[in-house]
Amino acid sequence: MGEIKRPVNFYLQKRRRWDGDEKIERRVLMAFHYHGERLYWPTKLKVSIEHWEEDKQKVRTLGVRRAGKANEYLHNLAVQVNDIYFDGLAAGDKLNNQYFRDRLNGTDNQEAKKSFWDHFEEYLAIKKRGNYGTYQTLRTARDEFKTFCTEKKIEVKFDDIEPKLQAEYNDFLLASGNNNNTISAKFKRLGRFLNYAFKQGLHTNQRYKNYTIPETVGPKKFLDLDEVKKLKEVELTSVLEQKSRDLMLMGIYCGMRYSDIHNLKKADIQSQHFEGI
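Everything numeric here is computed off the predicted structure, so don't read it as measured data. (Residues numbered from 1 in each chain as written. Predicted model: local features only at pLDDT ≥ 70, side-chain atom pairs only at ≥ 80, totals over all residues. Heavy atoms only, no water.)

Colleague: Sorry, what's going on with empty space enclosed by the protein here?
Modeller: In this approach the atoms are scanned with a rolling probe the size of a water molecule, which exposes any empty space left behind. In the structure shown here, the tally under the stated rule is one cavity of 30 Å³ or more. Of the pockets and cavities examined, the largest cavity occupies roughly 30 Å³. Looking at the largest cavity, the residues that line it are Phe-145, Ile-161, Leu-165, Gln-166, Tyr-169, Phe-187 and Leu-190. Looking at the lining of the largest cavity, the elements that each hand over two or more residues are helix H5 (163-175) and helix H6 (180-199). The greatest single-element share of the lining of the largest cavity, amounting to three residues, is contributed by H5. Tallied by class, residues from the lining of the largest cavity come to six nonpolar, one polar and no charged. (1 Å grid on protein atoms, 1.4 Å probe; cavity = no way out; pocket = protein on both sides within 12 Å on 5 of 7 lines; lining within 4 Å. Points joined across faces, edges and corners; volume = space filled by probe spheres on them. Helix = DSSP H or I, 4+ residues; strand = E, 2+ residues; numbered from the N terminus. Nonpolar A, V, L, I, M, F, W, Y, C, P; charged D, E, K, R; others polar.)

Colleague: I tried to follow the sheet that holds strand E1 (residues 8-12) on my own but got confused; where do I start?
Modeller: Strand pairing in a sheet is mediated by backbone hydrogen bonds. Such pairs are either parallel or antiparallel. Pairing within the open sheet is antiparallel, and its three strands lie in the order E1-E2-E3. Bordering the open sheet on either side are E1 and strand E3 (37-47), each of which pairs with just one other strand. Averaged over all neighbouring strand pairs, the angle between strand axes comes to 25 degrees, with direction disregarded. Taken together, the five bridges between E1 and strand E2 (residues 26-34) define a ladder with antiparallel strand orientation. (Pairing = 2+ DSSP bridges. Axes fitted to C-alpha atoms, helices over the stretch in contact; angles between N-to-C directions.)

Colleague: Just to check I follow, could you spell out the packing of helix H4 (residues 132-151) against H6 for this structure?
Modeller: The description of two helices packed together rests on the angle between their axes and the distance between the axes. Contact geometry of H4 with H6 gives a least axis separation of 9 Å together with a crossing angle of 95 degrees. It follows that H4 is roughly perpendicular to H6 by the angle criterion. In contact with Thr-134, Thr-137, Leu-138, Ala-141, Glu-144 and Phe-145 of H4, H6 contributes Lys-186, Arg-189, Leu-190 and Arg-192. Looking at the contact of H4 with H6 residue by residue, the classes come out as four nonpolar, two polar and four charged. (Parallel < 35°, antiparallel > 145°, perpendicular 65-115°, else oblique. Contact = heavy atoms within 4.5 Å.)

Colleague: What exactly am I supposed to notice about the pairing of E2 here?
Modeller: Regular strands place side chains that alternate from one sheet face to the opposite one. Most of E2 sits out of view: eight of its nine residues are buried. Summarising the sheet, E2 and E3 pair through eight bridges and their orientation is antiparallel. Across the sheet, His-33 pairs through a bridge with Arg-38, a residue of E3. (Buried < 20%, exposed > 50% of the residue type's maximum accessible area, 1.4 Å probe, protein only.)

Colleague: In this structure, what is going on with the side chain of Arg-26? I would like to understand it.
Modeller: Along the chain, Arg-26 falls in strand E2. Buried Arg-26, no salt bridge; nearest opposite-charge side chain is Asp-19, N-O distance 5.6 Å. Within polar-contact distance, the side chain of Arg-26 engages the backbone oxygen of Trp-18 at 3.1 Å. Polar side-chain contacts of Arg-26 include one of 2.9 Å to the backbone oxygen of Asp-21. (Lys, Arg positive; Asp, Glu negative; His and termini not counted. Salt bridge = Lys/Arg side-chain N within 4 Å of Asp/Glu carboxyl O. Polar contact = N/O pair within 3.5 Å; in protein donor to acceptor, adjacent residues only side chain to side chain.)

Colleague: Is there a simple way to explain the pattern of salt bridges in this structure?
Modeller: Pairing is possible between side chains that carry opposite charge, provided their charged atoms lie close to one another. All chains considered together, the criterion is met by 10 salt bridges. The shortest N-O distance in the salt bridge between Glu-53 and Lys-56 comes to 3.9 Å. Accessibility expressed as a relative area gives 13% for Glu-53, which makes it buried. Overall, Lys-56 belongs to the exposed group, its relative accessible area being 53%. Here Lys-114 ties to Glu-122 by a salt bridge, and the two come within 2.4 Å at their closest N and O atoms. Taken together, the salt bridges that share partners define one network made up of Glu-121, Arg-142 and Asp-143.

Colleague: So what exactly am I meant to see when it comes to the nonpolar core here?
Modeller: Of all hydrophobic cores here, the largest spans 28 residues; its most connected members are Phe-116, Phe-120, Phe-145, Val-156, Ile-161, Phe-193 and Leu-194. Of all the secondary-structure elements, those providing two or more residues to this core are helix H3 (116-128), H4, H5 and H6. It is H6 that provides the largest number of residues to this core, a total of seven residues. Leave out the neighbours within four places in its chain, and Phe-193 touches Phe-116, His-119, Phe-120, Tyr-123 and Phe-158. (Core = buried A, V, L, I, M, F, W, Y, C linked by side-chain atoms within 4.5 Å.)

Colleague: Looking at this structure, I do not really get the packing of aromatic side chains. What am I missing?
Modeller: Aromatic ring pairs: the centre-centre distance and the angle between the two ring planes describe each pair. All told, the structure shown has 28 aromatic pairs when counted by the stated rule. Relative to Phe-120, the ring of Phe-116 lies with its centre 6.0 Å away and its plane at 80 degrees, an arrangement referred to as edge-to-face. Of this pair, Phe-116 and Phe-120 both sit in helix H3, separated by four residues, roughly a single helical turn. Each member of the pair, Phe-116 together with Phe-120, is buried. In this structure, Lys-5 is placed above the aromatic ring of Phe-86, and the distance from its NZ or CZ to the ring centre is 5.3 Å. Here the basic side chain of Lys-44 rests over the ring of Tyr-73, its NZ or CZ set 5.0 Å away from the ring centre. (Phe/Tyr/Trp six-rings, centres within 6.5 Å; stacked < 30°, edge-to-face > 60°. Lys NZ or Arg CZ within 6 Å of the ring centre and 35° of its normal.)

Structure (structure tokens):
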């Protein structure tokens, strides 16, 4: 092993749902800057905020079990990435993030062995604990992209998602009967996962942001009074259809969107009226 000649930064993984919780353990991420590029690497170490010294980028040594061993591991990892960099320079190799990942993969880092779809599954598991409707749309976006990759025999990685591949996926969705607005929505959902993965240090690819799909703004559609009356008076035999119709009428009479009704709680209903309406 050599020495640390180029600075290496370590910081804790961030997620919005962890805000304010200093006890939950977060993965330590490594960042290494070289030739105008930036490598993000998930280490095998997890530490809580209360046990992490942000200014010194290491585990607190006072009162933390095996802190010395954890900090030694981070130091050795910083030395290792420096060795890879300077050995590559000496050999005249072309340095890029994949070059570093291929060499760091020889360590016991389990995160590096996970596939694109493994990380997508973990992302969906997080979203499932939130709004279920959002989870469903993201899962559908995942399933359709996975179908495309399977049919085209693409073993997709984060760095593969760029305008050329996105154009092929666009054509695939068009051939499946989707219009531009629907395709744009599906790309946005896929982009949400890619943005999440970028923030977690799983990739440094930003080329997917260069691909855009034009959306068409159509005329707003609404029911007139006669149509509302027909909806109210129509005889429905299915209990599910009756409840759906009643909810729709409630939204019309109260000026509420579906999302407003979906988010209603008992506390919002006071003295036979809805708070805020």
